Amino acid sequence: MCSNDSPSQKRDGATEAGVQTAITTEQLQADYGATIDDLRHTPLPDARIEELVASCVDMQQRLDTHGVVGHETVLELVTTVAEAMEQVRDATVVGDDELPDSRALDTGVPSEEYVLTPQERDETLGVLSALLFTAVETPGAADATAAAGVVQ
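Residues numbered from 1 in each chain as written. Predicted model: local features only at pLDDT ≥ 70, side-chain atom pairs only at ≥ 80, totals over all residues. Heavy atoms only, no water.

Right, let's get into the overall build of the protein chain. On a plain count of helices and strands, the protein chain comes out with five helices and two strands. Within the span of the protein chain, comprising 152 residues, buried residues form 30% of the whole. Long-range pairs, those at least 24 residues apart, make up 68% of the contacts in the protein chain between residues at least 6 apart in sequence. (Helix = DSSP H or I, 4+ residues; strand = E, 2+ residues; numbered from the N terminus. Buried < 20%, exposed > 50% of the residue type's maximum accessible area, 1.4 Å probe, protein only. Contact = heavy atoms within 4.5 Å.)

Of all hydrophobic cores here, the largest spans 25 residues; its most connected members are Tyr32, Leu39, Leu44, Leu52, Leu77, Leu128 and Leu131. Listing elements by their share of this core, those giving two or more residues are helix H1 (25-39), helix H2 (46-66), helix H3 (71-90) and helix H4 (118-137). It is H2 that provides the largest number of residues to this core, a total of six residues. (Core = buried A, V, L, I, M, F, W, Y, C linked by side-chain atoms within 4.5 Å.)

Note that an α-helix has 3.6 residues per turn; residues three or four places apart therefore point the same way. Taking 1.5 Å per residue, 20 residues should reach 28 Å; H3 reaches 28 Å between its end C-alpha atoms and fits that length. Turning to H3, its buried residues number three or more, namely Thr73, Val74, Leu77, Thr80, Val81, Ala84 and Val88. Down the axis of H3, the buried set is contained in an arc of 130°. They therefore lie on one face. In H3, the exposed positions that point more than 90 degrees away from the buried face belong to Glu76 and Arg89. (Expected span 1.5 Å × (residues − 1). Arc of directions from axis to C-beta.)

Turning next to the pattern of salt bridges. Pairing between side chains of opposite charge can happen when the charged atoms of each approach one another. Across all of its chains, the model carries six salt bridges by this definition. Of the charged contacts in the structure, one is a salt bridge between Glu83 and Arg48, with a shortest N-O distance of 3.1 Å. Here Arg48 lies in helix H2 and Glu83 lies in helix H3, a separation of 35 residues in the sequence. With relative accessibility at 34%, the residue Glu83 sits in the partly exposed group. (Salt bridge = Lys/Arg side-chain N within 4 Å of Asp/Glu carboxyl O.)

What follows is about the packing of H1 against H4. Interhelical geometry of H1 versus H4 gives an angle of 160° and a closest axis separation of 10 Å. Relative to H4, the element H1 lies roughly antiparallel. H4 is crossed by H1, and the crossing has left-handed handedness. Counting all contacts with H1, which are made through Leu28, Asp31, Tyr32, Thr35, Asp38 and Leu39, the residues of H4 involved are Val127, Leu128, Leu131, Thr134, Ala135 and Glu137. Looking at the contact of H1 with H4, its residues break down into seven nonpolar, two polar and three charged. (Axes fitted to C-alpha atoms, helices over the stretch in contact; angles between N-to-C directions. Parallel < 35°, antiparallel > 145°, perpendicular 65-115°, else oblique. Left-handed = near helix turned anticlockwise from the far one by under 90°. Nonpolar A, V, L, I, M, F, W, Y, C, P; charged D, E, K, R; others polar.)

Glancing now at the side chain of Arg48. Judged by its relative accessible area of 13%, Arg48 falls in the buried class. A polar contact is formed between the side chain of Arg48 and the side chain of Gln87, at a distance of 2.8 Å. Residues within four places of Arg48 in sequence aside, it is in contact with Thr80, Glu83, Ala84 and Gln87. (Polar contact = N/O pair within 3.5 Å; in protein donor to acceptor, adjacent residues only side chain to side chain.)

Another point: the packing of H1 against H2. In the contact formed by H1 and H2, the axes pass within 9 Å of each other and the chain directions differ by 165°. In terms of axis orientation, H1 runs roughly antiparallel to H2. When you trace H1 past H2, the crossing you get is left-handed. Facing Thr25, Leu28, Gln29, Tyr32, Gly33, Thr35, Ile36 and Leu39 of H1, the residues of H2 in contact are Ile49, Leu52, Val53, Cys56, Val57, Met59, Gln60, Leu63 and Asp64. Of the residues belonging to the contact of H1 with H2, the class tally is 11 nonpolar, five polar and one charged.

By secondary structure assignment, the location of Met59 is in helix H2. Along the backbone, Met59 and Leu28 are 31 residues apart, and their C-alpha atoms lie at a distance of 9.1 Å. Residues contacting Met59, with those up to four places away along its chain left out, are Tyr32, Val69, Thr73, Val74, Leu77 and Thr138.

Put into structure tokens, the structure is as follows:
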């Protein structure tokens, strides 16, 4: 291991805090835009995709207008993402050769008919996880964790 691979240490043994650059509003808006595109290419139910896309657009607009998002809005997005993750978790996972010819992802489809391949499940969870990380980076998210009683 190279000495550059570990955090630097002071003589008394304390490690220096890493310097982290703040994410800009423009970067967050771009992240939400990329997530919207990614969501539209996931096999989530149509109503869930539209709900998540609407939340991402709302986040972009609030960032553009105010530079910050209210903690209630962040909590709503996080809740919607958690519900989507639960749907993906509860989906029936089948191999590519067992995938039905047509999959109706419309509202009202019984959850037992929600079928994904392992790759689709992993990719969808990846998009949803990335959205959670973006939400946490959004100005105002710290207020949401405090309102939820989470210790940072």
